[in-house]
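Single-letter residue listing:
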Amino acid sequence: MTYKESLMLIGDEWATLSDDKKIEVLQSIENHMAFESNRMSVPVEGKFLYTGTDGIVLGEYDPGKGCIYVNTSQFDSESMYGKDSSTLVTTCLHEGRHAYQHQVANGTVAHDNLEEAEVWRENLNGENYISFEDNPRGYFEQPVEVDARDFASNRYNELLSERQVEIEHQTDYHCAKNVFEEQISNAENGESNLAADYHQVDDLNKSQELSSVANTEETIHQ
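Everything in this summary refers to the structure shown in the same document. Please read all numbers here as calculations on a predicted model, not as lab measurements.

## Let's talk about the side chain of Ser 73
Turning to step 1, where the next piece is worked out: Topologically, Ser 73 is positioned in the loop between strand 5 (67-71) and helix 3 (86-105).
Turning to step 2, where the next piece is worked out: Of the polar contacts made by the side chain of Ser 73, one reaches the side chain of Asn 71; its length is 2.9 Å.
Turning to step 3, where the next piece is worked out: At 3.0 Å, the side chain of Ser 73 forms a polar contact with the side chain of Gln 74.
Turning to step 4, where the next piece is worked out: Not counting chain neighbours up to four residues away, the residues in contact with Ser 73 comprise Phe 48, Thr 51 and Ser 79.

Okay, structure coming up:
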């Protein structure tokens, strides 16, 4: 699935997709984000993550396995975040940003802001990373989480703009295609009418020729 194809499936079509197809859409988006940031793409997999009355884990990045997990409990259209794709797509973007941060921290990928790269490296070093369970506020305010949220929010808005452009492009294409087919149809009908007119003229000419020959013969006989 191409990135443009995935963009066309995150609207109303999302609710009609199978779980496997939703993963395919998210993987396509992850691949494109990796390409944009010049990093290694990571697999996106569906997995049942914590889902309770006190909260839902929408996704997570496992640096050990180098994999993004998305909570399959939210694929159902009747689930809290399953009515549309926005939350899960944003989650995938968020976790993909964590993949980028880890690749920057371990030196796999170069980040243009060296100071920020060092902050990420320190934040992700050993026990410096704060889990939500240990300190919810500390978790939300730590550098890598702030950056991942900002990236996901901004990039999702850009993604929606890209989707709108693609919709307009396809609309323009179909309009142009319909006009072209109509012109071809009119041209073919015009050729048919021209052929019919030619036969009519040709028949008239032959009729006039025969009439002229008959008159000549009659004059000779006289």
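After presenting the structure, the write-up continues.
## Focus: the nonpolar core
Turning to step 1, where the next piece is worked out: In this structure, Ile 29 and Val 89 are the most contacted members of the largest nonpolar core, which totals 25 residues.
Turning to step 2, where the next piece is worked out: Elements with a minimum of two residues in this core: helix 1 (3-7), helix 2 (19-36), strand 5, helix 3 and helix 6 (143-221).
Turning to step 3, where the next piece is worked out: Aside from chain neighbours lying at most four places away, what touches Val 89 is Ile 10, Leu 26, Ile 29, Tyr 156 and Leu 159.
Turning to step 4, where the next piece is worked out: Ranked by size, the runner-up nonpolar core spans eight residues in total, among them Val 104, Ala 105, Leu 124 and Val 144.

## Here's the deal with the packing of helix 3 against helix 4 (residues 114-123)
Turning to step 1, where the next piece is worked out: One can describe the packing of helix 3 onto helix 4 by two numbers: an axis separation of 9 Å at closest approach and a directional angle of 95°. Regarding the angle of helix 3 to helix 4, the classification is roughly perpendicular. Listed contacts from helix 4 to Arg 97, Tyr 100, Gln 101, Val 104 and Ala 105 of helix 3 are Ala 117, Trp 120 and Arg 121.
Turning to step 2, where the next piece is worked out: Residue composition of the contact of helix 3 with helix 4, grouped by class: five nonpolar, one polar and two charged.

What counts as what
- Residues numbered from 1 in each chain as written.
- Predicted model: local features only at pLDDT ≥ 70, side-chain atom pairs only at ≥ 80, totals over all residues.
- Heavy atoms only, no water.
- Helix = DSSP H or I, 4+ residues; strand = E, 2+ residues; numbered from the N terminus.
- Polar contact = N/O pair within 3.5 Å; in protein donor to acceptor, adjacent residues only side chain to side chain.
- Contact = heavy atoms within 4.5 Å.
- Core = buried A, V, L, I, M, F, W, Y, C linked by side-chain atoms within 4.5 Å.
- Buried < 20%, exposed > 50% of the residue type's maximum accessible area, 1.4 Å probe, protein only.
- Axes fitted to C-alpha atoms, helices over the stretch in contact; angles between N-to-C directions.
- Parallel < 35°, antiparallel > 145°, perpendicular 65-115°, else oblique.
- Nonpolar A, V, L, I, M, F, W, Y, C, P; charged D, E, K, R; others polar.

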